[in-house]
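# Summary of structural features
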Amino acid sequence: MAIPGKLYVVGFGGKDYLVRAFTLRGAAKGLIRSLTESTLEHTRPASQDDILGLAGNGVRPIDVTATEPEDQPGAEEQE
């Protein structure tokens, strides 16, 4: 039995991902949803050691504050 959908190559973050979906838009949105779900498991507040270590390796922060309004449900963070 054939698996429905087509295979798409979706470029994101400098990497190519092979994604099965029905449409090009579905492939892009599905990849982002999948990446979001998997990264939520490994996201935590940054410690001072994290900041110093990552900054020392040339990692710069990505500012997403403009796309994340505080008045949206679930926007409250535990500190």
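Residues numbered from 1 in each chain as written. Predicted model: local features only at pLDDT ≥ 70, side-chain atom pairs only at ≥ 80, totals over all residues. Heavy atoms only, no water.

### Observations concerning the confidence of the model for the protein chain
Filter applied, for reference: pLDDT gives the predictor's per-residue confidence on a scale running from 0 to 100. Where helices and strands are cited, they refer to DSSP runs of H or I of at least four residues and of E of at least two residues respectively, numbered from the N terminus.
For the protein chain, mean pLDDT is 86; residues scoring 70 or higher make up 84% of the total. Here helix 1 (residues 24–40) stands out as the least confident element of the protein chain, with mean pLDDT 93; helix 2 (residues 48–56) is the most confident, with 95.

### Quick look at the nonpolar core
For the record, the criterion: Residue types Ala, Val, Leu, Ile, Met, Phe, Trp, Tyr and Cys, when buried and joined through side-chain atoms within 4.5 Å, form a set referred to as a nonpolar core. Partly exposed residues are those whose accessible area sits between 20% and 50% of the maximum for their type, while under 20% is buried and over 50% is exposed, using a 1.4 Å probe and protein chains only. We call two residues in contact when some of their heavy atoms are within 4.5 Å.
Core analysis: the largest hydrophobic core is formed by six residues, namely Tyr8, Val10, Val19, Ala21, Ala27 and Leu31. Those elements that place two or more of their residues in this core are strand 1 (6–12), strand 2 (15–21) and helix 1. Leaving out residues up to four positions away in the same chain, Val19 has contacts with Lys6, Leu7, Tyr8, Val10, Ala27 and Leu31.

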